[in-house]
Structures are given as C-alpha cells and as structure tokens.
Amino acid sequence: MKKRGKGVRRSDTGPRARMLAAMLGGAATLGACAAGPDYVAPVAPDVAAYTMLASDRSAASAQAEFAKSQTLTRADVVDPQWWRQLGSPALDAFIDVAMQASPTLAAAQATLRQAQETFDAQNGATSYPQVQAVAGMQRQRANVSQSGKAGEPQAVTLHSATLGISYELDVAGGNRRRLEALAARTEHRRFQLHDAQLALAANIATSALTRARLAGQLRALDTIVQAQAQQMSIAEHRYRYGQASHNDVLALRSDLEQTRAAIPLLRNQMQQAEHLLAVLAGRAPGAMLPPPFALQDFVLPAELPVIVPSELVRARPDIQAAEALLVAANADYGVALSRLYPQINLSASMGWQALTTGALFGGGSLLWGLAGQVAQPLFAPGLPAQTRAALAGFDVAAANYQSVVLNGLRDVADVLRSLENNAQRLVSLRAADVAAQASLEVLQRQYGLGAVSYLEVLTASRQAQNVRFELIAGQAQRLVDTVALFRAMGGGRLSTGPMTARTGV
C-alpha cells in the first residue's frame, strides 16, 4: 500500500525533533522584544500641600479650632478598617455583614474573576505551543491486491493517529502586549473592587451618622413642639381672660404648626437612611431594621492620617484604576504596531496510518511533517489607521488619568477645608448651647421666685432647643467630615501586589 505524505524511519525523528525545539527556542528569544514603547509611570503631583496656606485671620482661627479637637498626622498608609476608629461596635458589625452580603461587591468580585480567567485563557493560547491529538478511521475503496499491485477494487479501512504541534513566533511582541493589556485591565478591576469596598464602608458610616443626627434632631423638635404647645395654651387662656390679643394666639399657632410640619420631613429622611442602610447590607428595606444609631455611640478620632500629594496616587483606588487603564492603552498601541511586522507560524506533526489497528504503530506506518509560514502585510491601508486610533486611545487614557488625579487632590482639599471650618462652627454652636442652657436655668430660678412669667421660661426653653438642634447637626457633620477624609485618603491599601503589566507577563 502506498503511504500518504513522507515516510521516515523512527530513527529519523530525533534530529528533526531537536530542530523543532531549536526553532521554538528561537521564538522565545525573538519574542523578548515587543513593539511599541514600554510603559513609564506618570510623574507624581509636584505639590507640597493640598490647599493654599491660610492667610486671613478667619482661616487661621478655623485651623486653630480644628487642632483643639483633632490633629492631622502624616501617614504612609491608612488603616483598611478605618471605620473602627469611630468607636461604634454596632457600626463595625453592620459593615462586616455588608461586606459579605452586598450585591455590588459580589458583582465587582465576579468581574475581577472574569478578567483573571480571560487573561489566563489568552496566556494559555499564545504563550505556549498548542498540541493536538487526533485519531480517526476511514472506510474507502481501493484497487489493491495482496502483492500491492493493482487488482480488483475492494473496501478497506484506514486507521490513523496524529499528534500535531503549532506555535506562533511572537517576533513583534504582539502577544506579549495583548497579555500586558489584559493584565492591566485585570488590575483595573481589582482596584475597582477596592474602590467599591471603600465606597460601601463610607456610605454605611455616613448613612448611620445621618440616621443618628436625624434621630437626635427629632427628639429636639419634639421638645420644641411641647414648649410651643404650652406657650399657645397659655396664650389661649390669657386671650379668654382678655390679657392677650387674638393675633398673639394665631402667631403662636402658626409657629407651632410650622415646627410640627418639619417633623414628618425629618422622619422621612431618617426612614430613607434606614432603607439605604438595609440595601447597602444586601437586604430589602422591609426585611431588616438597622441598629438605632445615636450620636453618643460614636467617637471623634483624635488623629487623622494624611498622605502627601505625591503618594496619594498610590493610595487612592480610583487613581490606581485610571493608571491601570493607561497601562492597557499603552499595550494596545504596541499590539497595533505589531500588526505591521511579519507574522511567523510553525507547525509539526507526527502520525501513523495502517489498515489494521494492530499495525497502526508499527515502524512502516509512521508519517511526519514540518511546516513554516511567514505572512507580511504588503497592502493593508487600515493598519496605519488602527495604529493611530490606538495612539489616540492612549491620549484619552492619559487625559482621563490626569483628570482623576486632579479630582482626587480637590477631594482631599475640600475635606480638609470642611474639617477646619466645621470645627470652628461647632465651637460656636457649643458656646451658644452653653449660653442658652445657662439662660434657661436663670429664668427657671427667677420663675421659682415669681420674678418672670412661665411664658418667658417656655420661650427660653424653645430657644435652647433650637440651638441644640443646630448643635446636633454640627456634631454629626464633624463625624461625617472624618469619614470623608478616610475615604479621600484611599481607605487603606489592599495587598494586590505590583501590577503584572509593569513587570512583564
């Protein structure tokens, strides 16, 4: 029977196998060079501070008041569980539950796994030779005889087994650049997950503080309503006895109803905060009631970490995510350039063919083959345009990265100014609260001596509660500003390690 292809003896396969190995080794050497420029990290922000130095007296006073309650300390990293510094075990437990049950985090984690598997798939398809085994059987009619000469046509069964190997020489480094881009996009997803975790913790802390503030303000409003109701009741009695005008009663009733009208608004805001807390924890609003957070359950941290501007780009996950996209865009440009260079593919195969399975792997049934192919674009007008498009994509990523950095610096600057100014506001509110309470105590003593009317006492009580209402808001805002600073500082770093795309795949 005539053999298909080139038949050789087994002893001939050794030199050719070594030749194929040498060719594949050369491929690895050629693939060490990659088209396009290697990624170079952007220069860190060249600024020493987040805000301009305070020059006016009011700004200096605000900084002084802030320093009385909190101090800013330079830090290299932030505690990843920064919310525990607020001193609320209920908040700590709630955030721990939310980190496990949040559908937003589940989606971010699944997206990261998808990116990792995509990288592994591309790495396996391009970095290693592809080996394939094929076994088959073919029934055909042939004019053969026992002696091998032409004879009567008869049906024969041809058994075959083939082992093939193929490899693309990454001469221009296009495959390396593709892996580099996929690795960078995987890191982008990793930083997005970190940012989602940071946002979840900050949103829960802020919502808990909002709920605590509204609960305190509702209690203050209830006290104000009681005082106003008593004032109106006294005014009505005086009106019946001709000691007050009807306009006085109407004015007091208007004030009372306006105060009562504010209660449903605050209650609605508090209920919305509770609904948001439930959803952030991965539960339906009707399935859980968040803890009854109160302001007295929280502690204002005495020290706040501040990372210098030049290091903020390594701390904030949104900036790191934007840089990962910049790495990917740089690699995409290299991929586009690699298409302009020759593409070399190598393949080899070794197989057996026989009329019976017993003779399939005999010495006379061996077949082998080697093949090489070089493809060079000669006329492809679209390739230069693809290269220019990839370069424009890099420019987009670079501009986006710069925008994210600038907004990150602005975010920190806004928070620092809020900390200073709200600290001064809180000092004034505390002083006003002390004065209002002292005035109320004086009037209460005078009323006991018969020197003032009870109406004056109720008026002072109402004023004191109004001040307390604003004081509660000021205290909550200081805590919210603290949460905002931890978030602006990046909320701690995840142990993601160096970016694969920078160090080479």
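Residues numbered from 1 in each chain as written. Predicted model: local features only at pLDDT ≥ 70, side-chain atom pairs only at ≥ 80, totals over all residues. Heavy atoms only, no water.

## A closer look at the overall build of the protein chain
Defined as follows: The helix and strand labels rest on DSSP assignments: H or I over at least four residues marks a helix, E over at least two residues marks a strand, and numbering proceeds from the N terminus. Note on areas: Shrake-Rupley with a 1.4 Å probe; residue coverage comes only from the protein chains shown.
The helix and strand inventory of the protein chain stands at 11 helices and 7 strands. As presented, the protein chain carries roughly 26800 Å² of accessible surface, and 56% of it is formed by carbon and sulfur atoms.

## Thoughts on the packing of helix H3 (residues 89-101) against helix H5 (residues 174-240)
As a reminder, the rule being used: Fitted lines through C-alpha atoms give the axes, limited to the stretch in contact for helices. The angle between two N-to-C directions lies from 0 to 180 degrees. Should an angle fall under 35 degrees it is taken as roughly parallel, and over 145 as roughly antiparallel, whereas 65 to 115 is taken as roughly perpendicular and any remaining angle as oblique. Each crossing gets its handedness from the near helix: less than a right angle anticlockwise from the far helix is left-handed, clockwise is right-handed. In this description, contact between two residues means that some pair of their heavy atoms is separated by no more than 4.5 Å. Classification convention: Asp, Glu, Lys, Arg as charged; Ala, Val, Leu, Ile, Met, Phe, Trp, Tyr, Cys, Pro as nonpolar; all other residues, Gly among them, as polar.
At a minimum axis distance of 10 Å, the contact between H3 and H5 shows a crossing angle of 140°. Relative to H5, the element H3 is oriented oblique. The two elements H3 and H5 cross, and the hand of that crossing is right-handed. Contacts between H3 and H5 involve Leu91, Phe94, Ile95, Ala98 and Met99 from the former and Gln197, Leu200, Ala201, Ile204, Ala205 and Ala208 from the latter. Here the residues of the contact of H3 with H5 sort into 10 nonpolar, 1 polar and no charged.

## Points about the packing of aromatic side chains
Using the following cut-off: Stacked, tilted and edge-to-face are the three classes applied to pairs of Phe, Tyr and Trp rings, where Trp contributes its six-membered ring and a pair requires centres within 6.5 Å; stacked means planes under 30 degrees apart, edge-to-face means over 60, and tilted covers the rest. For every residue, the accessible area obtained with a 1.4 Å probe (protein chains only) is divided by the maximum for its type, and the residue is called buried under 20%, exposed over 50%, and partly exposed between those limits.
Here the structure, examined in full by the defined rule, presents 4 aromatic pairs. With 5.4 Å between their ring centres and 15° between their planes, tryptophan 82 and phenylalanine 486 make a pair best called stacked. Here tryptophan 82 is found in the loop between strand E2 (71-74) and H3, whereas its partner phenylalanine 486 is found in helix H10 (residues 454-488), with 404 residues between them in sequence. We note that tryptophan 82, like phenylalanine 486, is buried. Members of the aromatic cluster, each reached through a chain of ring pairs, are Trp82, Trp83 and Phe486.

## Comments concerning the side chain of asparagine 330
By secondary structure assignment, the location of asparagine 330 is in helix H8 (residues 317-338). Filtering out sequence-adjacent residues up to four positions away, asparagine 330 remains in contact with Pro37, Asp38, Tyr39, Glu180 and Phe394.

## Observations regarding the environment of serine 338
Here serine 338 lies in helix H8. Considering only alpha carbons, one finds serine 338 and asparagine 175, 163 residues apart in sequence, at a separation of 8.8 Å. Leaving out residues up to four positions away in the same chain, serine 338 has contacts with Ala35, Ala172, Gly174 and Gln343.

## A short note on H3
Three- or four-residue spacings in an α-helix give side chains the same orientation, since the helix completes a turn every 3.6 residues. Inclusion rule: What a helix should span is 1.5 Å times the count of its residues minus one. This arc is taken over the directions from the axis of the helix to the C-beta atoms.
With 13 residues, H3 should reach 18 Å at 1.5 Å per residue; the first-to-last C-alpha distance of 19 Å fits that figure. For H3, the full list of buried residues reads Leu91, Asp92, Phe94, Ile95, Ala98 and Met99. Around the axis of H3, the buried residues are gathered within 165° of arc, so they sit on the same side. Turned more than 90 degrees from where H3 packs its buried face, Pro89 and Gln100 sit exposed. Residues of H3 that are buried sit in contact with helix H4 (103-126), H5 and helix H6 (246-280).

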